[in-house]
Amino acid sequence: MIQLDINGKSVSYDGDPGMPLLWFLRDVAGLTGTKYGCGMALCGACTVHLDGAPIRSCVTPVAAAAGKKVTTIEGVHADKVGHAVQAAWQKLDVVQCGYCQSGQIMSAAALLRSNRKPSDTDIDAAMSGNVCRCATYVRIRAAIHQAAATLATA
Amino acid sequence: MDHIIVNESRRRFLQGAGGLALGIYLGDAFADSAPAVGGEAAAAAFEPNAFLRIGADNSVTVIAKHLEMGQGTYTGLATLVADELDADWSQVKVEAAPADVTRYKNLFMGIQGTGGSTAMANSHEQMRMAGAAARAMLVAAAAQEWKVPADGIVVSKGVLHHASSGRKASFGQLAGSAARQPVPQDVKLKDPQHFTLIGKPAVPRKDSVAKTDGSAVFTQDVRLPGMLVAVVLHPQRFGALPKSVDASKAKAVADVVEVVQFAGNGHYFSGVAVLAKNTWAARNGRDALAVEWDESKAFKLGSAEIMAQYREAAKQPGLIARKDGDVEAALAKPARLIEAEYELPYLAHAAMEPLNCVVELGDGSCRLWNGEQIHTADQGAVAALLGITPDKVSITQVYAGGSFGRRANPHADYVLEAVSIAKAARDKGIKAPVKMVWLREEDTRAGYYRPAFFHRARLALDDHGALVAWHHRIVGQSIAKGTPFEQFMMKDGIDDASVEGLNDMKYAVPNLQVELSTPDNVAVPVQWWRSVGNTHTAFVKETLVDEAAVTAGKDPLAYRRALLAGAPRELGVLELAAAKAGWGKPLKPGQAGEKRGRGIAVHSSFHSYVAQVAEVTVKADGSFKVDRVVCAVDCGLPINPDVIVAQMQGGIGYGLSAALHGAITLEGGVVQQSNFHDYVPLRIEEMPAVEVHIVPSAEKPTGVGEPGTPLIAPALVNAIAAATGKRIRTLPIGGQLGA
Ligand code: FES
Ligand code: FES
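Residues numbered from 1 in each chain as written. Chains lettered and ligands numbered in written order. Predicted model: local features only at pLDDT ≥ 70, side-chain atom pairs only at ≥ 80, totals over all residues. Heavy atoms only, no water.

**Side note on the overall build of chain B**
A count of helices and strands for chain B gives 19 helices and 29 strands. Taken over C-alpha atoms, the radius of gyration comes to 27 Å for chain B, in line with the 27 Å a tight globule of 739 residues would show. In chain B, 76% of the contacts between residues at least 6 apart in sequence involve partners at least 24 apart. Of the accessible surface of chain B, which amounts to about 25900 Å², a share of 53% is contributed by carbon and sulfur atoms. Looking at chain B, you have 75 positive and 78 negative side-chain charges, and the mean spots of the two groups are 2 Å apart. (Helix = DSSP H or I, 4+ residues; strand = E, 2+ residues; numbered from the N terminus. Rg over C-alpha atoms; globule rule 2.2 N^0.38 Å. Contact = heavy atoms within 4.5 Å. Areas by Shrake-Rupley, 256 points an atom, 1.4 Å probe, with all protein chains shown as cover. Lys, Arg positive; Asp, Glu negative; His and termini not counted. Charge placed at Lys NZ, Arg CZ, Asp CG, Glu CD.)

In structure tokens, the structure reads:
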């Protein structure tokens with residue numbers, strides 16, 4: 001039996017401990033905001049936070065999350081950085097198809113938590129693992145700056 | 001989401017217009033059906049037509065007949081309705097239309113479907129009329145209730161107001177009595193100067209919130225009670241069939257429920273699917289399959305052999321797609337001759353959401369949940385497969401995580417595959433709904449690519465450098481041939497999708513001949529890919545004209561200007577992009593060892609006009625970076641300027657991804673790429689700054705989903721030529737500059 005903390009709720013699971021956290025979240029816990037894009041840590045669509053750090057849930061076994069705090073897109077608003085990022089995304093209408101955006105937001109929130117005033121180069125480095133086939137990259141950069149500005153005045 | 005239509009006459013009206021789907025519509029109580037965007041759908045108090053519902057709670061629900069796959073259609077369709085209605089943008093929600101061609105056809109296609117950048121172009125008037133008719137009925141209701149003349153009533157932001165009597169009411173308050181008003185036969189549309197939403201910058205997307213909080217439902221996210229997930233194994237080679245399947249190990253995986261085989265019909269593939277209670281178990285089961293394939297009918301050529309064959313074919317005349325003047329005479333004694341050959345690869349769409357489809361079979365019926373791009377064609381194909389009538393195939397529309405054309409498969413390939421799997425499972429006694437998912441590897445390898453093309457061109461310049469002759473041969477597979485679209489897209493053996501953009505070019509060249517050869521022995525599955533034929537024709541045309549300008553010693557902008565004297569809208573975007581980019585002013589020099597260059601391209605597709613200027617920096621080691629792209633677009637009346645900007649940004653990124661890295665290659669018939677490490681997507685550090693300028697226009701609105709895509713490759717290659725003198729004629733650019 002594995003005990004998990006997902007977005008502040010405790011969940012227990014007694015299935016395959018090797019199941020990637022991604023599929024546990026989506027198929028077992030019913031949290032479908034976290035997306036599958038590649039399954040090989042190549043696209044970032046599955047990014048969630050594990051004890052605050054961004055990880056690719058498609059290559060992280062659910063057992064590795066035991067006893068740790070998992071935050072997904074459904075829970076990211078609870079934290080002021082996550083909330084600022086979501087608000088900036090909405091203000092600038094970053095999304096197109098939207099499929100990559102949960103992962104983008106999770107990566108952006110993690111970046112801003114460690115770097116409150118990232119440069120374009122910092123953003124490119126932190127966000128390079130998150131693919132957007134709709135190429136919303138121009139707005140992703142702008143929205144991260146926008147969220148940084150909001151947090152600076154908050 | 002039960003919709004109760006309280007008005008009987010309206011109900012009859014709707015039944016008359018599309019009786020069949022109404023049953024689905026009214027009885028739509030599935031937990032997983034597409035939610036209205038921007039809030040819960042409310043009971044309709046007023047449903048004046050198929051595109052609009054107004055609730056007593058003041059909600060205005062716009063019914064979107066087109067798929068939202070990122071291109072902003074939900075926002076666009078809602079903007080058109082809401083502006084004529086004078087609704088407040090915050091009260092407007094969007095809900096996907098059911099599959100019902102009688103009410104929801106694409107007026108350009110005659111079937112229900114989304115594609116060819118037609119969503120706004122085909123429906124702008126229809127949507128405005130829908131809003132205007134509802135507004136007239138609300139006004140009539142107020143006039144009747146308040147006993148005042150209708151022309152004294154003002155509507156603004158969802159509120160009706162009569163100044164002299166001081167009466168005021170919201171849409172919701174009047175909805176019930178508006179529903180009793182006669183539907184007006186004739187409605188007057190707004191004078192554009194009174195637009196409140198159309199053309200305005202601050203009209204937020206309707207799908208932004210759901211797509212930033214994890215609540216947006218894509219096909220991949222549909223969960224139904226008891227549903228099984230089917231992970232698919234396709235053969236390595238197109239056209240192979242399963243000979244023997246050993247499923248014992250797969251069935252031993254915990255949570256695997258069943259293994260089924262499905263047969264291809266020549267257009268969609270055969271394969272094996274593992275059905276399980278979750279995706280991970282299905283995937284593990286798939287990996288444990290032992291399948292032997294019959295490859296006797298499989299396609300076994302490689303990309304190099306295909307290209308070699310095309311190169312030979314280009315030495316022979318093809319079918320004539322355009323003939324002006326006499327190219328051979330003009331080419332006999334040119335002052336200067338340019339001869340060039342181009343190789344362009346297969347491209348995968350590689351949408352972020354790999355292909356998938358949810359199927360629930362009933363007795364004599366089928367229900368699909370899908371990011372649905374061509375409802376009518378898919379309904380027909382599924383019905384034929386199941387031996388039922390198309391009206392028994394219902395579709396719940398959900399968001400598509402990209403498509404770029406892939407979800408509009410002319411053979412309904414992945415939809416038929418999902419239905420075949422569900423049918424095979426049902427034959428084994430499994431009645432549960434099935435979600436078929438392709439893992440990224442299947443999505444990359446299982447075909448339907450932008451066709452590979454070979455081009456050969458000869459251009460003649462006269463003593464003054466003027467372009468006097470252009471002879472062009474194109475070799476590549478047809479998209480339309482053998483599909484239901486053949487009758488519309490092919491004429492005299494020529495698939496328009498192979499030659500568009502070249503055979504209809506606007507450059508005034510007195511002697512112009514375009515020929516096409518279509519191979520009949522290449523069985524790689526091909527399909528439209530964002531901007532279709534323009535993906536290759538714009539590249540070749542715009543790099544060739546550039547080369548002609550340079551050969552003539554002329555400025556590439558001035559050279560194009562002269563050739564486009566009779567094409568005012570092409571000229572308009574060309575001049576705008578050039579002016580905003582500072583064309584003619586020297587570029588800021590790079591650092592030591594770096595070379596910088598600027599390139600321009602102009603092209604029209606889907607009745608929209610785009611020009612782009614790209615600036616590039618090439619380092620001494622041959623690595624390079626696109627620094628900035630300036631884009632001008634004329635798409636007629638701009639409906640949502642910010643969506644237009646987004647589509648240009650995205651189109652440039654999508655085109656740049658292909659120009660830099662995109663190639664599907666085959667060896668012995670086997671696709672060599674599988675995931676994002678070898679089918680490399682554009683990443684954020686490669687994305688240039690993009691500036692978009694929209695031409696103000698009162699012309700009919702045209703599309704923006706595709707026309708931004710085809711210009712970045714030629715603009716970039718022209719910039720590289722300006723910086724280094726090197727002409728790139730094979731895509732992707734990859735390491736051709738030495739890096
Ligand atoms: S799905 Fe995990 S990185 Fe792509
Ligand atoms: S918004 Fe479509 S993939 Fe990023």
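**Digging into the overall build of chain A**
A tally of helices and strands in chain A yields five helices and five strands. Counting from the amino terminus, helix and strand elements in chain A follow one another as β-β-α-β-β-β-α-α-α-α. Viewed in the frame of its principal axes, chain A has a C-alpha envelope of about 45 × 30 × 20 Å. Every one of the 154 residues in chain A was classed for burial, and the buried ones make up 59%. Sequence separation of 24 or more characterises 58% of the internal contacts of chain A that already satisfy a separation of 6 or more. Carbon and sulfur atoms make up 55% of the accessible area of chain A, which amounts to about 5300 Å² in all. Averaging the coordinates of the 14 positive side-chain charges in chain A and doing the same for the 11 negative ones gives two points 7 Å apart. (Buried < 20%, exposed > 50% of the residue type's maximum accessible area, 1.4 Å probe, protein only.)

**Brief notes about the packing of helix α4 (residues 120-127) of chain A against helix α5 (residues 137-153) of chain A**
Residue and element names in this part refer to chain A. With their axes 10 Å apart at the nearest point, α4 and α5 run at an angle of 115° to one another. Classified by chirality, the crossing of α5 by α4 is right-handed. Taking contact as the criterion, the partners of Asp 120, Ile 123, Asp 124 and Met 127 in α4 are, on α5, Ile 140, Arg 141, Ile 144 and His 145. Its residues assigned to classes, the contact of α4 with α5 comprises four nonpolar, one polar and three charged. (Axes fitted to C-alpha atoms, helices over the stretch in contact; angles between N-to-C directions. Left-handed = near helix turned anticlockwise from the far one by under 90°. Nonpolar A, V, L, I, M, F, W, Y, C, P; charged D, E, K, R; others polar.)

**Notes on the environment of Ala 424 of chain B**
Take Ala 424 of chain B: it is sitting in helix α11 (residues 413-427). Through-space distance from the C-alpha of Ala 424 of chain B to that of Phe 262 of chain B is 7.0 Å; in sequence the pair is 162 residues apart.

**Some words on the sheet that holds strand β5 (residues 153-156) of chain B**
Pairing between the strands of a sheet is mediated by backbone hydrogen bonds and can be parallel or antiparallel. All names here are of chain B. Spatial strand order, β5-β6-β7: three strands in an open sheet with antiparallel pairing. The open sheet has two free edges, formed respectively by β5 and β7 (167-170), since each of these has just one partner strand. Put simply, the sheet's adjacent strands are angled 20° from each other on average, direction ignored. Two elements, strand β6 (residues 159-162) and β7, share four bridges in a ladder whose sense is antiparallel. Bridging from a neighbouring strand, Leu 160 pairs with Ala 169 of β7. (Pairing = 2+ DSSP bridges.)

**Some remarks on the side chain of Ser 170 of chain B**
Following the sequence through the fold, Ser 170 of chain B ends up in strand β7. Residue classification places Ser 170 of chain B among the buried positions, given a relative accessible area of 13%.

**Details of the interface of chain B and chain A**
Between chain B and chain A, the contact holds 57 residues from the first and 50 residues from the second. Summed over both partners, the interface of chain B with chain A buries about 4400 Å², with 56% contributed by carbon and sulfur atoms. For Asp 221 of chain B, the salt bridge is made with Lys 35 of chain A, and the minimal N-O distance between the two is 2.9 Å. Taken together, the links from chain B to chain A amount to 30 residue pairs in polar contact (both at pLDDT 80 or more). Looking at the side of chain B that touches chain A, the element that brings in the most residues is helix α18 (residues 641-661) of chain B, giving nine residues. Looking at the side of chain B that touches chain A residue by residue, the class counts come to 27 nonpolar, 18 polar and twelve charged. (Buried area = accessible area lost by both parts, 1.4 Å probe. Salt bridge = Lys/Arg side-chain N within 4 Å of Asp/Glu carboxyl O. Polar contact = N/O pair within 3.5 Å; in protein donor to acceptor, adjacent residues only side chain to side chain.)

**Re the pattern of salt bridges**
Residues and elements named next belong to chain B. Across all of its chains, the model carries 47 salt bridges over all chains by this definition. Notably, a salt bridge pairs Arg 53 with Glu 95, separated by 3.0 Å at the nearest N-O pair. Taken together, the positions of Arg 53 in strand β2 (residues 52-55) and Glu 95 in strand β4 (residues 92-96) put the pair 42 residues apart, joining distant regions of the chain. Of the two residues, Arg 53 and Glu 95, both sit in the buried class.

**Digging into the packing of aromatic side chains**
The description of two aromatic rings rests on the distance between their centres and on the angle between their planes. In this structure the tally under the stated criterion is 13 aromatic pairs over all chains. A ring pair is formed by Trp 23 of chain A and Tyr 36 of chain A, whose centres lie 5.2 Å apart and whose planes are at 40°; its orientation type is tilted. Of the two residues, Trp 23 of chain A is situated in helix α1 (residues 21-28) and Tyr 36 of chain A in the loop between α1 and β3 (47-50); the sequence distance between them amounts to 13 residues. Accessibility classification places Trp 23 of chain A together with Tyr 36 of chain A in one group, the buried group. Judged by centre distance (5.5 Å) and plane angle (80°), the ring pair of Phe 51 of chain B and Tyr 104 of chain B falls under edge-to-face. Here Tyr 104 of chain B lies in helix α3 (residues 101-104) and Phe 51 of chain B lies in the loop between β1 (44-49) and β2, a separation of 53 residues in the sequence. The residues Phe 51 of chain B and Tyr 104 of chain B share a single accessibility class, namely buried. Aromatic rings pair up to connect Tyr 99 of chain A together with Tyr 74, Phe 218 and Tyr 399 of chain B into one cluster. Directly above the aromatic system of Trp 89 of chain B lies the positively charged group of Lys 206 of chain B, at a separation of 4.3 Å from the ring centroid. (Phe/Tyr/Trp six-rings, centres within 6.5 Å; stacked < 30°, edge-to-face > 60°. Lys NZ or Arg CZ within 6 Å of the ring centre and 35° of its normal.)

**Structural notes on the domain arrangement of chain A**
All names here are of chain A. The domain architecture assigned to chain A consists of domain 1 (2-71) and domain 2 (76-153). Taken together, the 14 residues of domain 1 in the interface contact twelve residues of domain 2. Summing both sides of the interface, domain 1 and domain 2 together bury roughly 1000 Å²; the carbon and sulfur share of this comes to 52%. Inspection of the region where domain 1 meets domain 2 yields zero salt bridges. Counting across the domain 1 and domain 2 interface gives seven residue pairs in polar contact (both at pLDDT 80 or more). Elements represented by at least two residues in the side of domain 1 that touches domain 2 include exactly β3 and β4 (53-56). Split by residue class, the side of domain 1 that touches domain 2 holds six nonpolar, six polar and two charged. (Domains from an automatic or database assignment.)

**Describing the environment of Ala 381 of chain B**
All names here are of chain B. When you line up the elements, Ala 381 lands in helix α10 (residues 375-386). With 30 residues separating them along the chain, Ala 381 and His 411 place their C-alpha atoms 7.7 Å apart. Ignoring sequence-local partners within four residues, the contact set of Ala 381 consists of Ala 412 and Leu 416.

**A short note on the confidence of the model for chain B**
Residue and element names in this part refer to chain B. Taken as a whole, chain B shows an average pLDDT of 92; of its residues, 94% reach a score of 70 or greater. Confidence drops under pLDDT 50 across residues 1-42; counting only partners more than four residues distant or on other chains, this segment forms 96 contacts. Across the whole predicted complex the pTM is 0.94, and at the interface the ipTM reaches 0.98. (pLDDT = per-residue confidence, 0-100.)

**Quick look at the layout of surface pockets**
All names here are of chain B. Considered as a void within the structure, the second largest pocket measures approximately 670 Å³ in volume. As for the second largest pocket, its lining consists of 30 residues, of which Gly 266, His 267, Ala 523, Val 524 and Pro 525 are closest to the centre. Shared between two domains, the lining of the second largest pocket takes at least three residues from each, and those domains are domain 2 (219-297 + 355-437) and domain 3 (314-346 + 449-724). (1 Å grid on protein atoms, 1.4 Å probe; cavity = no way out; pocket = protein on both sides within 12 Å on 5 of 7 lines; lining within 4 Å. Points joined across faces, edges and corners; volume = space filled by probe spheres on them.)

**With respect to the sheet that holds strand β26 (residues 624-634) of chain B**
All names here are of chain B. Across the sheet, which stays open at both edges, the four strands sit in the order β24-β25-β26-β29 with mixed pairing between neighbours. Unpaired on one side and paired on the other, β24 (595-605) and β29 (689-694) mark the two borders of the sheet. Taking each pair of neighbouring strands and ignoring which way they run, the sheet shows an average axis angle of 15°. Sheet topology places strand β25 (residues 608-618) next to β26; ten bridges connect them, and they run antiparallel. Residue Val 613 lies in a different strand from β26, and its bridge partner there is Val 630. Those strands touched by α18 are β25, β26 and β29, and its axis lies near 135° from that of β29.

**Quick word on helix α2 (residues 73-85) of chain B**
With 13 residues, α2 of chain B extends 18 Å between its outermost C-alpha atoms, agreeing within 8% with the 18 Å of an ideal straight helix rising 1.5 Å per residue. When you tally the buried positions in α2 of chain B, you get 13 out of 13 residues, the bulk of the element. (Expected span 1.5 Å × (residues − 1).)

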